[in-house]
Amino acid sequence: MERHILVVLPHPDDESFGIAGTLAMHLNNGTPVTYACLTLGEMGRNMGIPPFATRVTLPEIRKQELEASCRAIGIKDLRMLGFHDKMIEFEDQELLDSSIGALIEELDPSLVITFYPGYAVHPDHDACGEAVVRTIAGLPEAKRPKVHCVAFSRDHEQAIGRPDVENDIRDFLKQKMSSIQAHRSQFQAAELLGKKKHTDKELQARFGKEHFWTYRFE
Ligand SMILES: [Zn+2]
């Protein structure tokens, strides 16, 4: 069992597909979870179908969706760090690292969850994972929390192998689907919004497992 889990991801909705079930599972075991979301995804191009957001209202809408997603998962400690969407790779590295470092210092997590640097498709995802790994690598070895990374670039298994952590989250599909559905402006496929009926078996096959790579520090 973990002491405290810190999740560091750049965008509202990054928590939904890959890790919501794992977080719900840990919360159900009584492990506290803090989610640090670097941006509000305010540069996103999806405005809902039919559109209900505008360039002006999108940040507030995505903030509310993020809060709803956290409620669905059971996360009570959400930190919105206020960095700029699509700009993480250009942010002041010292500021980024010190923000993450301050959270680690405050919370003393036994596990940190983030994206696998270099294998997470979007530049913000990679830059977020890099900042987490860089910050933790800078700690004395005995003080480093474990790091579990999410990877999904096309070639990732050739480079980093198979994931070493597989969580069966079938008991927490309800929380996960509610988290996905909370991001109404972003996920428009009818099946994700619950408009298309799926059998439990289909949902379990598609969403019932979550995979992580334990980051190996040199
Ligand atoms: Zn993202």
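Check the entry above for the structure.
Residues numbered from 1 in each chain as written. Predicted model: local features only at pLDDT ≥ 70, side-chain atom pairs only at ≥ 80, totals over all residues. Heavy atoms only, no water.

*Asks:* Looking at this structure, how should I read the packing of aromatic side chains?
*Replies:* Both the distance between ring centres and the angle between the ring planes are used here to describe each pair of aromatic rings. This model, assessed by the stated rule, comprises six aromatic pairs. When the centroid spacing of 5.0 Å and the interplanar angle of 65° are considered together, the rings of tyrosine 215 and phenylalanine 217 count as edge-to-face. When its relative accessible area of 22% is taken as the criterion, tyrosine 215 is described as partly exposed. Aromatic rings pair up to connect Tyr116, Tyr119, Tyr215 and Phe217 into one cluster. It is arginine 144 that lies over the ring of phenylalanine 217; its NZ or CZ is 5.3 Å from the centre. The ring of phenylalanine 52 has arginine 184 sitting right over it, with the charged end atom 4.4 Å from the ring centre. (Phe/Tyr/Trp six-rings, centres within 6.5 Å; stacked < 30°, edge-to-face > 60°. Buried < 20%, exposed > 50% of the residue type's maximum accessible area, 1.4 Å probe, protein only. Lys NZ or Arg CZ within 6 Å of the ring centre and 35° of its normal.)

*Asks:* I tried to follow the environment of methionine 43 on my own but got confused; where do I start?
*Replies:* The topology assignment puts methionine 43 in the loop between strand E2 (33–37) and helix H2 (58–73). It is 7.9 Å that separates the C-alpha atoms of methionine 43 and arginine 55, two residues lying twelve residues apart in sequence. Setting aside its immediate chain neighbours within four residues, methionine 43 contacts Arg55, Asp85 and Lys86. (Helix = DSSP H or I, 4+ residues; strand = E, 2+ residues; numbered from the N terminus. Contact = heavy atoms within 4.5 Å.)

*Asks:* Can you help me understand the sheet that holds strand E6 (residues 165–168) in this one?
*Replies:* Either a parallel or an antiparallel arrangement is found when strands of a sheet pair, and the pairing is made through backbone hydrogen bonds. The strand order E3-E2-E1-E4-E5-E7-E6 describes an open sheet built from seven strands, whose pairing is mixed. The open sheet has two edge strands, strand E3 (77–80) and E6, and neither has a second partner. Across the sheet, the mean angle from the axis of one strand to that of its neighbour is 25°, orientation sign disregarded. Sheet topology note: the strand E4 (residues 111–115)/strand E5 (residues 146–150) ladder contains five bridges and is parallel. The residue of E5 that forms the bridge with valine 112 is valine 147. Lying on the sheet, H2 is in contact with E2 and E3; it crosses E3 at an angle near 160°. (Pairing = 2+ DSSP bridges. Axes fitted to C-alpha atoms, helices over the stretch in contact; angles between N-to-C directions.)

*Asks:* Is there a simple way to explain the coordination of the zinc ion in this structure?
*Replies:* Where a metal carries four tetrahedral donors, each ideal angle is 109.5 degrees; where it carries six octahedral donors, the ideal angles are 90 or 180 degrees. Those donors, His11 (ND1), Asp14 (OD) and His125 (NE2), are the protein atoms that reach the zinc ion, and they lie 2.0 to 2.1 Å from it. For the zinc ion, the single-chain donor residues occur in sequence as H-x2-D-x110-H. One end of the pair, histidine 11, is in the loop between strand E1 (5–9) and helix H1 (14–28); the other, histidine 125, is in helix H4 (residues 123–137), with 114 residues separating them in the sequence. You can call histidine 11 buried: its relative accessible area is 8%. Residue histidine 125 is classed as buried on the basis of its relative accessible area, which comes to 8%. (Donors = N, O, S within 2.8 Å, 3.2 Å for Na, K, Ca; no water.)

*Asks:* Please clarify how the pairing of E5 should be interpreted in this entry.
*Replies:* Extensive coverage of E5 is indicated by the burial of four of its five residues. Here E5 pairs with strand E7 (residues 209–214) via two bridges, running antiparallel. From the neighbouring strand, cysteine 149 faces E7, where its bridge partner is tryptophan 213.

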